Every structure is written in structure tokens, then in C-alpha cells.
Amino acid sequence: MALITGRIHPGEPHSSFVVEGLIKFLLSDNLEANLLRNSFIFYIVPMLNPDGVVAGNFRTSFSGKDLNRQFNQLNKYVFPEISALHDLAIQLKHSFRSAFRFYFDFHADSSKRGLFCY
């Protein structure tokens with residue numbers, strides 16, 4: 001099982017394009033995509049911060065806070081996106097036990113060139 005998220009920062013549209021490409025790849029007739037579909041269940045949240053995108057924010061949600069920094073301060077009223085993601089991850093962890101293998105959070109960076117990982 002793999003949980004994949006993208007666009008936690010509104011000013012990183014590249015992550016939306018990468019997640020879109022990943023979804024298209026996973027749905028394709030490609031042999032590797034078929035192998036992945038047969039090996040994993042994918043839960044994909046392509047845009048974690050739609051309110052921040054609509055508001056035109058660069059790094060923050062509609063609340064004015066960086067959602068990527070709120071995982072230790074869960075507040076379902078101020079950060080419903082992060083609370084929902086946390087609840088989903090806990091639910092998947094308990095439902096799939098050892099099958100919950102991967103969490104990928106896609107970002108973008110204005111100064112990095114090509115593919116990068118932190």
C-alpha cells in the first residue's frame with residue numbers, strides 16, 4: 001500500500017504535474033504500471049491544499065499557515081486537510097498493518113534543477 005500526496009504548498013504547481021503524470025502512468029497499459037497496480041494499492045491525494053491555491057498563496061493554506069509544519073499540532077478546525085490526512089494514514093496503518101509500505105509527498109523547488117529528493 002502506498003499513500004501519495006501532492007501540492008501541500010500552493011506555489012509548487014510542478015508537484016501537481018508530477019502527480020498527474022504518476023496517475024496517468026499508473027492507469028496506463030505499461031508493463032511496469034501493471035506490475036505496480038498488481039503489487040500495491042495506491043491512495044492518492046493530488047492536491048492537499050486547494051484553499052491555498054484558490055487564495056493565491058505561495059506556501060500557506062487559507063489559514064495563513066504552512067500546512068507542512070502542522071503535523072505535530074493537529075487541529076481539525078484550523079487545519080482540516082492535515083487532520084484528515086493524519087486520520088487516513090492511521091486508518092490505513094491499522095487496516096493494512098504490514099502492507100502500508102510507502103508515503104510519498106511530492107513537492108517542487110524553484111532553485112533545484114531536474115529531479116531532486118530530500
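Residues numbered from 1 in each chain as written. Predicted model: local features only at pLDDT ≥ 70, side-chain atom pairs only at ≥ 80, totals over all residues. Heavy atoms only, no water.

Engineer: Got a minute to help me understand the nonpolar core in this structure?
Structural biologist: The nonpolar side chains of soluble globular proteins are, as a tendency, buried together. In this structure, Met1, Leu3, Ile8, Leu48, Leu67, Phe79, Ile82, Leu85 and Leu92 together form the largest nonpolar core, which totals nine residues. For Phe79, the contacting residues outside a window of four places in its chain are Ser63, Lys65, Leu67, Gln70 and Gln73. (Core = buried A, V, L, I, M, F, W, Y, C linked by side-chain atoms within 4.5 Å. Buried < 20%, exposed > 50% of the residue type's maximum accessible area, 1.4 Å probe, protein only. Contact = heavy atoms within 4.5 Å.)

Engineer: Explain helix α4 (residues 80-96) to me, please; I cannot follow it from the model alone.
Structural biologist: Side chains of residues three or four places apart in an α-helix project in the same direction, reflecting 3.6 residues per turn. The end-to-end C-alpha separation of α4 is 24 Å, in line with the 24 Å expected for 17 residues at 1.5 Å each. Every buried residue of α4 is listed here: Glu81, Ile82, Ser83, Leu85 and Leu92. Tucked into the core, α4 has its buried residues touching β1 (2-6), β2 (42-45), α3 (50-55) and β3 (102-106). Where α4 ends, the next residue or the one after it, Arg97, has phi of about 45 degrees, a positive value. (Helix = DSSP H or I, 4+ residues; strand = E, 2+ residues; numbered from the N terminus. Expected span 1.5 Å × (residues − 1).)

Engineer: Before we go on, may I ask you to explain unusual backbone geometry in this structure?
Structural biologist: The backbone of Arg7 shows a phi angle near 55 degrees, a positive value even though the residue is not glycine. Structurally, the position occupied by Arg7 is in the loop between β1 and α1 (13-26).

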